[in-house]
Structures are given as C-alpha cells and as structure tokens.
Amino acid sequence: MESLKELYKIGMGPSSSHTMGPRKAADAFNRAYPQAESFKTVLYGSLAATGKGHLTDFAIKEAFYPKPVEIEWDYTTLMPKHPNALKLQALDKAGHLLGEQVAYSVGGGDIRTDDTIGRAINNIYPHSSMAAILDYTSQKRMLLWEYVEECEGPEIWEYLTKVWTTMKHTMNRGLEKRGVLPGSLNLERKARRYLYKAENSPRYLRRMNNLFSYALACAEENASGGIVVTAPTCGSCGVVPAVCRLIQEICEFEDNTIIRALATASLFGNLAKSNASISGAEVGCQGEVGVACAMAAAATCQLEGGDNQRIAYAAEMGLEHHLGLTCDPVDGLVQIPCIERNALAASRALDCATYALMSDGEHRISYDDVLATMMQTGLDMNNDYRETSRGGLARFFKEKVLRLKGDKK
C-alpha cells in the first residue's frame, strides 16, 4: 500500500476521479510539453458520460491555461483498462502531434498510465491484507494507529493534523452557507437547517441531527466545488469527518485522539484502494460511500475503546452492508443521491461501531473477504450503474422530468 497521503488528498470538488484526477493528469502533461502551442483531450467512458456535471472540462482547461485546449467527448468508447480514461495530445503551431499519453483516473484523485495501472507506485506498508496486519499487530501488541506510525514515520502526524484541520474548515464553511447548489437540479443546501433543527431537537435526536448536518456540510461544499479531503473520495468526503466531529464533541477528545483515529481509518481505505477499488466508475458507490462507511466505523470503534479485532469487525460491517450500491448520479452531478448518502452512511458507521463493541470481536466474514466481494460485484455490475448516469435513479428521474414536460405541453 502507498502512503495515506495518497488516500487523504486535499483539493477541489466535486469529484476526485472526474475533477482532481484529470486536472492532475493535465498538469503533468502540460509540464512535459512546454513547447506545445495547444492541446487536445479526449474523454472516454464515465469521464465522458458525467464529465460535464463533474466539471471535468473546467478542470482540464484550468490546467492548460492560458494555452487553448480542445475537448472531445467520446461517449461510446470504453477503454479496457479502466472506465475513467482520457487521452492527452500536445500540438505544435501547425497542429501537428508532438506527443500523446493515455491516462486513467482510478479514483481518489490518483492517475495511472499504461505502465502503472493496477499497482501501487510507492509501497511503504509491508503487509497487503487486514489479516496480515492484525496478525502482525497482535504479535507486537501494537494498536493499528501505532502500526501506521511505524510504516509512515512520525512525520505523518503533521500531515494528518493538516487533514483534520481542513476537514473542520470544510464543515464550518458548509454549515455557514445557504442558497442553492450549482447545476441543473437547483438543489438547496440543507446543512445549516439541520444544524438549527439539532439545536432545537429533543436530546435523543440532537446528536443524530448534528451528525447529519456535519456530513451534509462537507458533501454540499464538495458539490459546489469547494476544498475538501478525499476520504476516500470527494463524493464520499462527508462520512469520516462527520463521525469524528460528533464523537469529539460528545467525549471532549483532543485533536490528537481524532488524528490517531484518522490514521486507523486510513488502513481500511488504503486496503480498499489497493486490493479492490474506490472508483465509482469501476465498482459503483460501494467503493466510495461503502468504503467511507468502513473507514468511519473503524475510526468510531477506536474512539469508543475498541481493540483491533473489533475495529476490523466494525469496518467489515460498514462495507458489507453497502455491497451492490450503485453509482447513479442524477444529471451527472455529485448531488442526488450522493449528498444524502454521506449523511446516512455516517449514521450507519456509528451503528456498526456500536455493534462491534458489543461483540467479542470474532466474525466469520473478514474485511479482506468483503473487499474481494466488492470488487467482483463491481465487475459484475451493469455499466449503466457505474457513474454513467444512464441507469438507476438518474434514468428514472430523467424519464420523470421528460414526462412532466410532455404533460405540460
């Protein structure tokens, strides 16, 4: 596995795979061809299908600015190595080709080429499964966050401090803002309203409404193109911060305690990224919100006193009960159903942690088993349900809108 710095990325929403990744690929290609007079980019698969709603063209144009770039949307070609593919071409003054490269946005803002796809570039963890990590930490009588420190080095705490600070800033911005999110859906921001209702709710409802407001705040900031932390992706960025903030407030934990929980959560996100996928275009939303729920459940379980076995059990449940979740963004926007899914996954993460804490930590299905299942489920899933906006909610919402327009005529 790579460093958790490659999992927790700080950048602009609304999509790590469709905004951050293509921007990263275009930036690198631009630096490689400083002599180019113009560029051309061809978007394939899911990048073409939902790229406009995800601001993919905007991100690419910003990377090549002030040089002109032509963007071609290829809606029919599906590249065999990954559905999020783009071809970058550098052109001279006469329009002749100087060079080209095919890049793959594999999720979480990561970019791979034909030479690097399918493998981690900089492995720093000696173990490649949760079973191996649990065996090692048991022998060493080591907590999971201590294992992260051993592999990453003590300097990782400075980076995680930055991550947690950014998460809090994102939540605070989202809680302050009102109005309508950009895009065709005219979706109203709800985080501030939920926070107000939480403050005026009966005690037994207050904490849950607070949790919802924090998750909504992050997800709405992401949908508006704000700065977020991928956890593990932009589209699922609200789950982990929401549970961490709620528990910090309830238990009055210091930031260092939360940061250690983020380190533990990263192991489960990193394993998903290395052994399965966190790309909605490859495995559906189970790889985004499902993995985020697993990470949040692990963090919660640790914060509430769980040992390594119970933490792994909580994460396993968080992902297992999101298996088969499709990625069907309405109108190609990271809004419906994405924003609500963040709030509800945060709630489920708390439930999974509580269930695991009540158990003896033993469970028949391992986190590694669920990752293998998720990957196979994603491969078996019809392409219409993997971030193309051609199936599921996206399809039926569009049909309903067209039907209503027809009725009005």
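Data block above holds the structure.
Residues numbered from 1 in each chain as written. Predicted model: local features only at pLDDT ≥ 70, side-chain atom pairs only at ≥ 80, totals over all residues. Heavy atoms only, no water.

S.K.: What is the right way to read the nonpolar core from this model?
M.R.: Inside soluble globular proteins, nonpolar side chains tend to come together where they are buried. With 98 residues, the main nonpolar core has Tyr8, Leu267, Phe268 and Tyr367 as its most contacted residues. A per-element tally of this core places helix H12 (residues 289-303) first, with twelve residues. In contact with Leu267, other than residues within four places in its own chain, are Met1, Tyr125, Met130, Ile133, Leu144, Tyr147 and Val148. Listed in part, the 20 residues of the second largest apolar core include Tyr33, Leu43, Ala48 and Ala63. (Core = buried A, V, L, I, M, F, W, Y, C linked by side-chain atoms within 4.5 Å. Buried < 20%, exposed > 50% of the residue type's maximum accessible area, 1.4 Å probe, protein only. Helix = DSSP H or I, 4+ residues; strand = E, 2+ residues; numbered from the N terminus. Contact = heavy atoms within 4.5 Å.)

S.K.: Teacher, can you tell me more about the state of the cysteines here?
M.R.: Each disulfide is one covalent bond, formed between the sulfur atoms of two cysteines. As enumerated under the stated definition, the model contains zero disulfides in all. Sulfur of Cys301: no disulfide; nearest cysteine sulfur belongs to Cys352 and is 10 Å away. Owing to a relative accessible area of 0%, Cys301 belongs among the buried residues under this scheme. Of all cysteine sulfurs, the one in Cys293 lies closest to Cys352, which takes part in no disulfide; the gap is 5.0 Å. (Disulfide = S-S within 2.5 Å.)

S.K.: Looking at this structure, how should I read the sheet that holds strand E2 (residues 38-43)?
M.R.: Paired through their backbone hydrogen bonds, the strands of a sheet run either parallel or antiparallel. Here we have five strands laid out as an open sheet, ordered E3-E2-E4-E5-E6, and mixed in their pairing. Looking at which strands have only one partner, the edges of the open sheet turn out to be strand E3 (69-73) and strand E6 (110-113). Taken over all neighbouring pairs, the strand axes of this sheet differ in orientation by 25° on average, direction set aside. Note: strand E5 (residues 97-107) against E6, four bridges, orientation antiparallel. When the bridges of E6 are listed, Gly107 appears paired with Asp110. (Pairing = 2+ DSSP bridges. Axes fitted to C-alpha atoms, helices over the stretch in contact; angles between N-to-C directions.)

S.K.: Explain the pattern of salt bridges to me, please; I cannot follow it from the model alone.
M.R.: Oppositely charged side chains can form a pair if their charged atoms are brought close together. The final tally for this structure, using the stated rule, is 19 salt bridges. Residues Glu221 and Arg173 are paired through a salt bridge, measuring 3.1 Å at the closest nitrogen-oxygen approach. Placement of the pair is Glu221 in helix H8 (residues 203-223) and Arg173 in helix H6 (residues 156-176), with a sequence separation of 48 residues. The exposure class of Glu221 is buried, given its relative accessible area of 1%. For Glu249, the salt bridge identified is with Arg245, shortest N-O distance 3.1 Å. You can see Glu249 and its partner Arg245 sitting in helix H9 (residues 239-251), four residues apart, about one turn around the helix. Among the residues examined, Arg245 registers a relative accessible area of 17% and is labelled buried. (Salt bridge = Lys/Arg side-chain N within 4 Å of Asp/Glu carboxyl O.)

S.K.: Even after reading the chapter, I still don't get the environment of Gly53, so can you show me in this structure?
M.R.: If you trace the backbone, Gly53 turns up in the loop between helix H2 (45-50) and helix H3 (56-64). By relative accessible area, Gly53 is classed as buried at 16%. Separated by 40 residues in sequence, Gly53 and Gly13 place their C-alpha atoms 12 Å apart. With sequence-adjacent residues up to four places away left out, Gly53 is seen in contact with Asp331, Gly332 and Leu333.

S.K.: Could you clarify how one ought to interpret helix H15 (residues 367-380) in this entry?
M.R.: Because an α-helix packs 3.6 residues into every turn, residues spaced three or four apart end up facing the same way. Across its 14 residues, H15 extends 20 Å between first and last C-alpha, which sits within 8% of the 20 Å expected from 1.5 Å per residue. If you check which residues of H15 are buried, you get Tyr367, Asp368, Val370, Leu371, Met374, Met375 and Gly378. Each buried residue of H15 lies within a common arc of 160° when the element is viewed along its axis, so the set occupies one face. (Expected span 1.5 Å × (residues − 1). Arc of directions from axis to C-beta.)

S.K.: Please explain the packing of aromatic side chains as it appears in this structure.
M.R.: Across all of its chains, the model carries nine aromatic pairs by this definition. Aromatic side chains Tyr125 and Tyr147 sit 5.9 Å apart centroid to centroid with 45° between the ring planes, which places their arrangement in the tilted category. Pair noted here: Tyr125 is in the loop between E6 and helix H4 (130-139) and Tyr147 is in helix H5 (residues 144-152), with a separation of 22 residues, a long-range link. Accessibility assignment for this pair places Tyr125 and Tyr147 in one class, buried. With centroids separated by 6.3 Å and ring planes inclined at 80°, the aromatic side chains of Tyr313 and Tyr355 adopt a geometry described as edge-to-face. (Phe/Tyr/Trp six-rings, centres within 6.5 Å; stacked < 30°, edge-to-face > 60°.)

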